Amino acid sequence: EIAFWSTVNIIANAVSKCEFKTYVNGKEVKGNEYYLWNIEPNKNQNSSEFIHKWIAKLYSENECLIIEHNGMLLVADSFTKKEYALYEDEFTNVTVKDFTFNKTFKQSEVLYYKLTEKNMKSVTDALYSSYQKLIAYTMKAYQKSRGTKGTFNYETLPIAGSEERKAFDSLITEKFRKFLDSGDSILPLGKGQSYTEVGSKTYASDSTRDIRAMIDDISDFTAKGLNVPPALLRGDVQGVKDAVEQLLTFCIDPLCDMLQEEINRKRIGRSEYLKGTKIVINTKTIKHIDLFSITAAIDKLISSGCF
């Protein structure tokens, strides 16, 4: 869960930093559509909350449905899709929080997204189930290497129901457990009874680092499955610039391209789009640029006469 949702949050945080630019006849304008996507999609969510739910649904379920109701954009929590080959797909039982719409939505009336042909969540879940056995085995081996084993010798077994048998059973089930769980302790034994520890603890054979390495493997595989550089998920500082470039190139840019294509074809339409009316998701706002860190580059641009 940590690996998957941390990866999804990286993607959602990146998309929420993007600016949804609106153009009318080729000129950039800021109107109702701009405010809707960048500030307030609906009465209960700001744009960042809306985008996080949007991306979370898209990656966890491999599909996402957005509907418009009374000028508000709403991400559906659940829906039923009926597909057709030659006609528009239909969406019924569309539910948002505690409200279910009693109508059938046509494909042209909604924004429907499908992330990939193969649901990567199911692929990573299959990987988790395999690694779960390995991690459980390693944890068991770790506990075993630090556990205490011994033999308990006694001359005779007391008669069932007698006071001696009750004391014997209490010794086996309670006193030995307290003795082994305690740091410094003494175990009183009766006549003819003795305890001998068997073997020694092998602290060097297994380590919690082995368990941590397997968990890191899961994080790496999850990040790769969702096209996020594993270094970003691990929080590595070295090479973060290249990792961000890779994230933008292979994850965020293709994702935002898919998101804006659906918006333009459904909310703008062919005729208006060809006239220059469109919505563009600007991913250049994701990467933080410090003015002082690029002064040398600016100086070269000016001195060369390019800028």
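Structure shown above.
Predicted, not measured: the structure shown is a model, and the values here were computed from it.

The rules behind the values
Residues numbered from 1 in each chain as written. Predicted model: local features only at pLDDT ≥ 70, side-chain atom pairs only at ≥ 80, totals over all residues. Heavy atoms only, no water. Helix = DSSP H or I, 4+ residues; strand = E, 2+ residues; numbered from the N terminus. Expected span 1.5 Å × (residues − 1). Buried < 20%, exposed > 50% of the residue type's maximum accessible area, 1.4 Å probe, protein only. Contact = heavy atoms within 4.5 Å. Pairing = 2+ DSSP bridges. Axes fitted to C-alpha atoms, helices over the stretch in contact; angles between N-to-C directions. Salt bridge = Lys/Arg side-chain N within 4 Å of Asp/Glu carboxyl O. Patch = residues over 30% accessible without salt bridge, like charges linked within 9 Å, V, L, I, M, F, W, Y side chains within 5 Å. Areas by Shrake-Rupley, 256 points an atom, 1.4 Å probe, with all protein chains shown as cover.

Draft legend 1. Focus on helix 1 (residues 2-17). In a regular helix each residue adds 1.5 Å, so 16 residues correspond to 22 Å; helix 1 covers 22 Å between its end C-alpha atoms and thus fits that length. The complete set of buried residues in helix 1 reads A3, F4, T7, V8, I11, A12, A14, V15 and S16. Residues of helix 1 that are buried in the fold lie against helix 3 (47-61), helix 4 (120-145), helix 6 (208-225), helix 7 (230-234) and helix 8 (240-268).

Draft legend 2. Broad picture of the sheet that holds strand 1 (residues 19-24). Reading across from one edge, 2-1-12 is the order of the 3 strands in this open sheet, with antiparallel pairing throughout. In this open sheet, the two edge strands, each paired with only one partner strand, are strand 2 (27-29) and strand 12 (278-282). Averaged over all adjacent pairs, the angle separating strand axes in this sheet is 40 degrees, with direction ignored. Here strand 1 runs beside strand 2; their pairing, made up of 3 bridges, is antiparallel. Residue V24 lies in a different strand from strand 2, and its bridge partner there is K27.

Draft legend 3. Broad picture of the pattern of salt bridges. Evaluation of the coordinates by the stated rule reveals 18 salt bridges. Close ionic contact of E33 with R267 constitutes a salt bridge, the shortest N to O distance being 2.7 Å. Note that E33 is positioned in helix 2 (residues 32-38) and R267 in helix 8, a separation of 234 residues in sequence. Between E245 and K287 there is a salt bridge; the shortest N-O distance is 2.3 Å. Here K287 lies in the loop between strand 12 and helix 10 (295-303) and E245 lies in helix 8, a separation of 42 residues in the sequence. For E245, a relative accessible area of 33% gives the class partly exposed. Among the residues examined, K287 registers a relative accessible area of 29% and is labelled partly exposed. Each of E33, E68 and R267 takes part in one network of salt bridges that share partners.

Draft legend 4. Structural view of the side chain of S16. Position of S16 among the secondary structure elements: in helix 1. We classify S16 as buried; its relative accessible area is 18%. Here S16 is in contact with S48, I51 and H52, once residues within four sequence places are set aside.

Draft legend 5. Here's a closer look at a nonpolar patch on the surface. A cluster of nonpolar side chains, namely I289, L291, F292 and I294, defines an oily patch on the protein surface of about 440 Å² accessible area. When you line up the elements, I289 lands in the loop between strand 12 and helix 10.

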